[in-house]
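Descriptive structure summary
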Amino acid sequence: ARLRRELELPVSVPTVLKILREEGLYAGKRKVGEKKRDLREVKKRLKALEKLQVDVKYLDDIPELYAEYVHHQLPKYQFTARCVRTGAIFFAYAREKSVTNAALFLLHLHQHLQSYGLSLQGSVIQTDNGTEFTSPWNSPKVTVFTQVVRKCLGATHHLIPPGAKTYQSDVETSHRWVEEELYAAESFGSLNEFLRKAAYYQAWFNCKRHNSYKGDTPVNLMRETYPALKAEALVFLPVVLDNLLVQYKDELAQWAA
């Protein structure tokens with residue numbers, strides 16, 4: 001209809017459609033199920049840790065958690081990295097949603113993976129356009145987060161188009177699950193108990209929880225790329241990132257330079 005209108009074609013819409021099909025220029029619209037299957041096949045061709053989606057989840061808007069969040073002064077933010085191929089999640093907490101904490105999250109995850117012989121060299125780290133990850137569009141500056149991705153990890157920082165939340169569907173889905181299965185389902189008597197239960201959940205998610213969409217548990221899918229992988233490699237103990245500044249101060253200065 002648009003072609004007929006814009007080109008002022010002297011034929012009907014069905015005729016335009018017929019000609020397009022005869023010339024192999026129109027394959028029809030893909031159904032939602034077909035698009036999902038196609039996307040699943042694209043993700044299957046990735047290697048473990050080849051692409052990570054990184055995002056931030058707010059914890060102060062969960063009704064079941066709110067009273068304990070206030071009483072125990074729990075962290076407000078969850079920084080999450082999710083492997084697109086395997087579905088494995090790695091997360092930590094922060095009191096501030098800052099570029100420093102985002103960089104600390106990557107440095108801490110990088111150190112953990114390195115201790116098990118895993119590398120993010122050549123990987124893609126995908127984020128949205130939040131200022132905890134990137135500078136405003138009109139700024140020429142490169143954030144310390146991007147510098148850590150490039151210089152420390154040897155990876156590429158990829159930004160999704162503004163407002164294109166579906167590009168982060170893997171990590172966004174994990175945020176829904178962790179809210180339903182952990183924050184809204186458990187009680188927390190202290191910050192230490194909160195961190196301990198979060199650690200148990202993350203270990204269960206990566207090593208025991210079967211993902212029907214991806215076809216197996218994250219640890220088994222990870223072993224398709226790393227056959228000798230120890231399950232402990234996917235047990236990333238959650239921490240409060242704000243407390244790591246002193247530990248990684250020199251490294252941040254090095255990579256930000």
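Preceding block: the structure.
Basis of the calculations
- Residues numbered from 1 in each chain as written.
- Predicted model: local features only at pLDDT ≥ 70, side-chain atom pairs only at ≥ 80, totals over all residues.
- Heavy atoms only, no water.
- Axes fitted to C-alpha atoms, helices over the stretch in contact; angles between N-to-C directions.
- Helix = DSSP H or I, 4+ residues; strand = E, 2+ residues; numbered from the N terminus.
- Parallel < 35°, antiparallel > 145°, perpendicular 65-115°, else oblique.
- Contact = heavy atoms within 4.5 Å.
- Nonpolar A, V, L, I, M, F, W, Y, C, P; charged D, E, K, R; others polar.
- Disulfide = S-S within 2.5 Å.
- Buried < 20%, exposed > 50% of the residue type's maximum accessible area, 1.4 Å probe, protein only.
- Core = buried A, V, L, I, M, F, W, Y, C linked by side-chain atoms within 4.5 Å.
- Patch = residues over 30% accessible without salt bridge, like charges linked within 9 Å, V, L, I, M, F, W, Y side chains within 5 Å.
- Areas by Shrake-Rupley, 256 points an atom, 1.4 Å probe, with all protein chains shown as cover.
- Salt bridge = Lys/Arg side-chain N within 4 Å of Asp/Glu carboxyl O.
- Pairing = 2+ DSSP bridges.
- Expected span 1.5 Å × (residues − 1).
- Right-handed = clockwise from strand over helix to strand, strands pointing away.

Moving on: the packing of helix 5 (residues 99–114) against helix 10 (residues 245–256). Between two packed helices, the angle of one axis relative to the other and the distance separating the axes together describe the packing. Between helix 5 and helix 10, the least distance of the axes is 10 Å, while the angle of their chain directions is 100 degrees. Comparing their axes, helix 10 and helix 5 come out roughly perpendicular. Facing T100, A103, L104, L107, H108 and Q111 of helix 5, the residues of helix 10 in contact are L245, Q247, Y248, E251, L252 and W255. Counted by class, the contact of helix 5 with helix 10 contains 7 nonpolar, 4 polar and 1 charged residues.

Moving on, we get to the state of the cysteines. Taken as a whole and assessed by the stated rule, the structure comprises 0 disulfides. With no disulfide of its own, C83 lies closest to C207 among cysteine sulfurs, the gap being 13 Å. Judged by its relative accessible area of 0%, C83 falls in the buried class. With a relative accessible area of 18%, C207 lands in the buried category.

Glancing now at the nonpolar core. Within the largest apolar cluster, 45 residues are counted, with the highest numbers of intra-cluster contacts made by L49, F79, V148 and L241. Elements represented by at least two residues in this core include exactly strand 1 (51–58), strand 2 (77–83), strand 3 (89–94), helix 5, helix 6 (144–152), helix 9 (218–222) and helix 10. Per element, the largest residue contribution to this core is 8 residues, and it comes from helix 5. Membership of the second largest hydrophobic core comes to 19 residues, among which are I89, Y93, V178 and F188.

Judged by side-chain polarity, L3, L7 and L9 come together as a nonpolar surface patch covering roughly 250 Å² of accessible area. Along the polypeptide, L3 turns up in helix 1 (residues 2–6). When its relative accessible area of 40% is taken as the criterion, L3 is described as partly exposed.

Taken in spatial order, the 5 strands make up an open sheet running 3-2-1-4-5, and their pairing is mixed. At either margin of the open sheet sits one strand with a lone partner, and together these are strand 3 and strand 5 (156–159). Strand-to-strand twist of the sheet, defined as the mean angle between neighbouring strand axes without regard to direction, takes the value 25 degrees. Direction of pairing for strand 1 relative to strand 2: antiparallel, over a ladder of 7 bridges. The residue of strand 2 that forms the bridge with D55 is T80. Seen against the sheet, helix 6 touches strand 4 (124–127) and strand 5 and runs at an angle of roughly 135 degrees to strand 5. Packed onto the sheet, helix 8 (residues 191–207) meets strand 2 and strand 3 and runs at close to 165 degrees relative to strand 3.

Quick look at helix 7 (residues 169–183) now. An ideal rise of 1.5 Å per residue puts 21 Å on 15 residues; helix 7 measures up with 20 Å between its terminal C-alpha atoms. Burial in helix 7 covers these residues: D170, V171, S174, H175, W177, V178, L182 and Y183.

Here the focus is the pairing of strand 2. Counted residue by residue, strand 2 has 7 buried out of 7 residues, so it is predominantly covered. The side-chain alternation of strand 2 yields two buried faces, one formed by Y77, F79, A81 and C83 and the other by Q78, T80 and R82. Of the strand pairs in this sheet, strand 2 and strand 3 are connected by 6 bridges, and their pairing is antiparallel. Bridge pairing in strand 3 places T80 opposite F91. Count of turn residues in the strand 2/strand 3 antiparallel hairpin: 5 residues, of which G87 carries a positive phi of about 85 degrees.

Here 4 bridges tie strand 4 to strand 5, and the two strands are oriented parallel to one another. Paired with I125 across the strands is H157, a residue of strand 5. Between the parallel elements strand 4 and strand 5, the chain passes through helix 6 in a crossover that is right-handed.

That is the geometry; function is a separate question.
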